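These are the residues of each chain, in order.
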Amino acid sequence: MPKPVGNASRYNPAIDGVRTLAVLAVILYHMNVTWIPGGLLGVGVFFTLSGFLITGNLMRSWNAHGNLGLSTFWLRRLRRLMPAVIIVVLVIWALTPWLAPAKWETYKFAGLTAIFYVNNWATIFYGDSYFDQFALSPFEHMWSLSVEEQFYLFWPLILLLFLVIARGRKVVVIALTSILAVASFAWMSIAFHLGFNLTRIYEGTDTRAGALLVGALLALAMSSKDPAHGGGASEHGLINSLIRTTNRIIADTLGIIGGSVIVVLMIVTPDSSPFLYDAGIALLSLASAALLYGVSNQKTLVAAVFGWRPFAWIGERSYAIYLWHMPLVAFMREPLSLLPLWLATVLVTVAAIVLASISWVLVEDPIRRHGFFPAIWRWLRRKGKMPRTVWMLPLAFVLAVGIIGTSTLIARDVREREVAQLQAQREHEEELARQKAELEAQKAKARELAATRTRCNEIIHVGDSTSLAMFTDDGVEDPADNATTAYKETGAQKVVNSSFGARATNQGYEDSPSGNESLQQIISNGIDPDACFVLALGTNDAANMNVEGQDRSAEHIEATMAIIGPNHPVLWITTIVNPAGSPRWYDKAVMDSWNDALYAALEKYPNMWVYPWDKEVQPNWFIEGDGVHYNQTGSSQRSHRFAQAVINAWPLTLKGDDAPLLPNPPLAADQRVVSGLRPY
């Protein structure tokens, strides 16, 4: 909380110290520091702090003047918050053509949503995920500012309504506000158990308002005058009396307990924990209120700790630090990954503090003191300040150019490293080519010895990004290994490929449909009576459920099987990742859980087969350093083994193509687990 303009006596440096705790936790979270998996809870601390400070300001106006001074309040909020946001957005827009040109359209729209404080709803509406570490954006953090600004817009009107209804009686206002807070927390828990999108719950203004309202409740309880009787004592003065007589030891105790709970929650609660949405965020809000109560008494030990000058100095600039840290993390992600994590975290933190200090001196502080347009001019003309201005402006310019130039050089270095990696990959492929003649001879011999025909007239392959390379000549070792060719070699008259990146059975990505949507479209267009389905889905289902902290594998499989129906055979491919290189969320345990659900579903669906690809895959078939996707060897193996699994599931028999694909009575479940290896 910066020193109030014209009323420094109200300044409490310990409040800024609380901001420091919150902003550092958020930075550590976005840097993926493993010992503080709940660092995102720093945003919740900010929310409760904002509700406390804003409501305190409104109540001071009500107690002194009998109104909330809304026009002045909103103007001050605008002057305090918007200039820094606009500067950050403009800098991101300026850097995007250099550092992320493919993202220009996305970032242009995201910047507008940040300026107009609707970023959270835009993220929710367009189906983006706050927890997606692959799609890190420099606007990733703007959602929380939108929630706060929406609160600043509507809460004063609601508070005014409560004050009018209650005729100024604080107890009634507190009761009404408590109902709103409880309703918000309850709605968060209900929405989570109804299966709402996790980002919708985490970023929704309605679900996060509870944290702000807890801060508002503390401010209402600590309001020094009961406005019901023009500032005198009232029949409901008990709360005020208790607040005034609370001694330093009680305030210290509450502050220490609150601060300890906050830190423990940040350390032990991962962002995927269901506990967060059931009770964790509510508990965090109460702990934040307890800490704020403790530091509000400036004679307490906890106030002395959080009011330590370096803490307070950082906290005074925490708003801009929060704004600047995410563009640094997003734009510098690749070069930072080359450094030890502790060093990368220190560099991002220091850079954010430097940029925030420049923003504070040149933009935020002048505008909050003097207004928008005359701020810089008045600041430049202040007596005795011109010499400092003369060197600060060029220094700020040099720093800005240096940051942009360094960013460009780092990005160029990253691109050069990518070229070198591609060259190394080509050399590796040339080495593999020298062994290709022998491998081709082995493949030819295997084809002669193995069964080569299936009864499926049409093979419909529906897959995610792990299937993309299979259907391209460049993605496999030889054009003959293309999955379309491999499937046609089984005797199928028609092959349909529907593979899109980053999708699950029930969720698409950007313009791509989900697996279920593709199945519905293919079936509606008409399929052969003897069509067979191959489903290479589930990798992203398992990862998404890992993020959500809930295993709904059986539900996802059931929904997909319901679309296909009982009259066509379905071959599910099990999922697998390379533990040595798989990214966050894509770990082997959740993949195994998905596979277990596939085997269990065999008992329920007689038209379902499973190919345990995870039992046959080899680690060297994955792209090096990826862990999810396959190199040319792996994609070639998938093409031929998937095709052979189709043959093994529905082989050509003595009755020829007239034999039914689905035997009656059905095969036992263990007989519907097939290999991708050819019988020799």
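As the structure is a computational prediction, the values presented were derived from the model and not from experiment.

Caption draft 1: Representation of the overall build of the chain within the structure. Looking only at helices and strands, one finds 27 helices and five strands in the chain. Buried residues in the chain amount to 52% of all 680 residues. Summed over all atoms, the accessible surface of the chain reaches about 30,800 Å², with 63% contributed by carbon and sulfur.

Caption draft 2: Spotlight on the sheet that holds strand 2 (residues 494–499). Here we have five strands laid out as an open sheet, ordered 2-1-3-4-5, and parallel in their pairing. Both edges of this open sheet fall to strand 2 and strand 5 (608–611), since each of them pairs with a single strand only. Neighbouring strand axes in the sheet, compared pairwise and without regard to direction, differ in orientation by 20 degrees on average. Relative to strand 4 (residues 570–573), strand 3 (residues 531–536) is paired through three bridges, and the arrangement is parallel.

Caption draft 3: View of the packing of helix 1 (residues 13–30) against helix 14 (residues 309–316). At a minimum axis distance of 7 Å, the contact between helix 1 and helix 14 shows a crossing angle of 70 degrees. With respect to helix 14, the axis of helix 1 lies roughly perpendicular. Counted together, Pro13, Asp16, Gly17, Arg19 and Thr20 of helix 1 and Phe311, Ala312, Ile314, Gly315 and Glu316 of helix 14 form the full contact between these two elements. Classifying every residue of the contact of helix 1 with helix 14 by side-chain character gives four nonpolar, three polar and three charged.

Caption draft 4: Expanded view of the nonpolar core. Phe139, Leu159, Val295, Trp572 and Met608 are the most contacted members of the largest nonpolar core, which has 150 residues in total. Ranked by residues supplied to this core, first place goes to helix 3 (residues 70–99) with 12 residues. Apart from the residues lying within four places of it in its own chain, the contact partners of Val295 are Asn12, Ala14, Ile15, Val18, Thr300, Val302, Ala303 and Phe306. Counting 30 residues, the second-largest nonpolar core is a separate cluster that includes Val534, Tyr611, Val646 and Trp650.

Caption draft 5: Quick peek at the environment of Leu220. Structurally, Leu220 is set in helix 9 (residues 205–222). Taking the C-alpha atoms as reference points, Leu220 and Lys170, 50 residues apart in sequence, are found 7.2 Å from one another.

Caption draft 6: Just the state of the cysteines, in detail. This structure, assessed with the given rule, holds one disulfide. The disulfide bridge from Cys456 ends at Cys532, spanning 2.0 Å between sulfur atoms. One disulfide, between Cys456 and Cys532, carries an S-S torsion of -85 degrees and so falls in the left-handed class. Of the two residues, Cys456 is situated in the loop between helix 20 (436–449) and strand 1 (458–463) and Cys532 in strand 3; the sequence distance between them amounts to 76 residues. Judged by relative accessible area, Cys456 falls into the buried class, the value being 1%.

Caption draft 7: Examining the packing of helix 1 against helix 2 (residues 42–65) more closely. Two elements in contact, helix 1 and helix 2, have axes separated by 8 Å at closest approach and are oriented at 155 degrees. Relative to helix 2, the element helix 1 is oriented roughly antiparallel. Note that helix 1 runs across helix 2; the crossing there is left-handed. From helix 1, Ile15, Val18, Arg19, Ala22, Val23, Ala25 and Val26 reach across to helix 2, where they touch Gly42, Val43, Val45, Phe46, Leu49, Phe52 and Leu53. Grouping the amino acids of the contact of helix 1 with helix 2 by side-chain chemistry returns 12 nonpolar, one polar and one charged.

Caption draft 8: Empty space enclosed by the protein, seen in detail. All chains considered together, the criterion is met by three cavities of 30 Å³ or more. Its volume calculated, the largest cavity comes out at about 100 Å³. In terms of lining residues, the largest cavity is bounded by 14 residues, among which Thr466, Thr539, Thr574, Thr575 and Arg638 are the most central.

Caption draft 9: Quick look at the pairing of strand 4. Burial along strand 4 is two-sided: the face carrying Val570 and Trp572 and the face carrying Leu571 and Ile573 are both buried. Relative to strand 5, strand 4 is paired through four bridges, and the arrangement is parallel. Bridge pairing in strand 5 links Ile573 to Tyr611.

Caption draft 10: Fine view of the pattern of salt bridges. The full count for this structure, using the stated rule, is 10 salt bridges. The residue Asp16 makes a salt bridge to Arg19 at a minimum N-O spacing of 3.8 Å. One end of the pair is Asp16 and the other is Arg19, both in helix 1 and three residues apart, which spans about a single turn. Overall, Asp16 belongs to the buried group, its relative accessible area being 0%. With its nearest N and O atoms 3.6 Å apart, the salt bridge here joins Arg248 to Asp252. Residue Arg248 and its partner Asp252 are located together in helix 11 (residues 248–268), separated by four residues, close to a single helical turn. Residue Asp252 is classed as buried on the basis of its relative accessible area of 8%.

Caption draft 11: Representation of the environment of Phe311 within the structure. Mapping Phe311 onto the fold places it in helix 14. On the accessibility criterion, Phe311 (27% relative accessible area) is partly exposed. With 294 residues separating them along the chain, Phe311 and Gly17 place their C-alpha atoms 4.9 Å apart.

Caption draft 12: Quick peek at helix 15 (residues 318–331). For helix 15, with 14 residues, the first-to-last C-alpha span of 20 Å sits near the 20 Å given by 1.5 Å per residue. Most of helix 15 sits inside the fold, with 14 of its 14 residues counted as buried.

Caption draft 13: How the structure looks around unusual backbone geometry. Note the cis peptide between Asn664 and Pro665, where omega equals 5 degrees. Within the element layout of this structure, Pro665 appears in the segment after helix 27 (632–649). Look at Asn32: it is not a glycine, yet its phi comes out positive at around 60 degrees. Structurally, Asn32 is set in the loop between helix 1 and helix 2. Taking the relative accessible area as the measure of exposure, Asn32 reaches 32% and is therefore partly exposed.

Caption draft 14: Inspection of the confidence of the model for the chain at higher detail. Put simply, the chain has an average pLDDT of 84, and 83% of its residues get 70 or more. A low-confidence stretch, residues 404–411 stays under pLDDT 50, and its non-local contacts, those more than four residues away or across chains, total eight contacts. In the model, residues 446–450 has pLDDT below 50 throughout and makes 10 contacts with residues more than four positions away in sequence or in other chains.

Caption draft 15: Geometry of a nonpolar patch on the surface. A surface patch of nonpolar side chains, amounting to about 460 Å² of accessible area, comprises Trp35, Val263, Val264, Ile267 and Val268. Mapped onto the elements, Trp35 comes out in the loop between helix 1 and helix 2. Overall, the relative accessible area of 53% leaves Trp35 in the exposed class.

Caption draft 16: Layout of helix 2. Counted at 1.5 Å a residue, the expected span for helix 2 with its 24 residues is 34 Å, and the 35 Å between its end C-alpha atoms agrees. Directly beyond the C-terminal end of helix 2, a positive phi value near 80 degrees is found at Gly66.

Calculation rules
- Residues numbered from 1 in each chain as written.
- Predicted model: local features only at pLDDT ≥ 70, side-chain atom pairs only at ≥ 80, totals over all residues.
- Heavy atoms only, no water.
- Helix = DSSP H or I, 4+ residues; strand = E, 2+ residues; numbered from the N terminus.
- Buried < 20%, exposed > 50% of the residue type's maximum accessible area, 1.4 Å probe, protein only.
- Areas by Shrake-Rupley, 256 points an atom, 1.4 Å probe, with all protein chains shown as cover.
- Pairing = 2+ DSSP bridges.
- Axes fitted to C-alpha atoms, helices over the stretch in contact; angles between N-to-C directions.
- Parallel < 35°, antiparallel > 145°, perpendicular 65-115°, else oblique.
- Contact = heavy atoms within 4.5 Å.
- Nonpolar A, V, L, I, M, F, W, Y, C, P; charged D, E, K, R; others polar.
- Core = buried A, V, L, I, M, F, W, Y, C linked by side-chain atoms within 4.5 Å.
- Disulfide = S-S within 2.5 Å.
- Left-handed = near helix turned anticlockwise from the far one by under 90°.
- 1 Å grid on protein atoms, 1.4 Å probe; cavity = no way out; pocket = protein on both sides within 12 Å on 5 of 7 lines; lining within 4 Å.
- Points joined across faces, edges and corners; volume = space filled by probe spheres on them.
- Salt bridge = Lys/Arg side-chain N within 4 Å of Asp/Glu carboxyl O.
- Expected span 1.5 Å × (residues − 1).
- pLDDT = per-residue confidence, 0-100.
- Patch = residues over 30% accessible without salt bridge, like charges linked within 9 Å, V, L, I, M, F, W, Y side chains within 5 Å.

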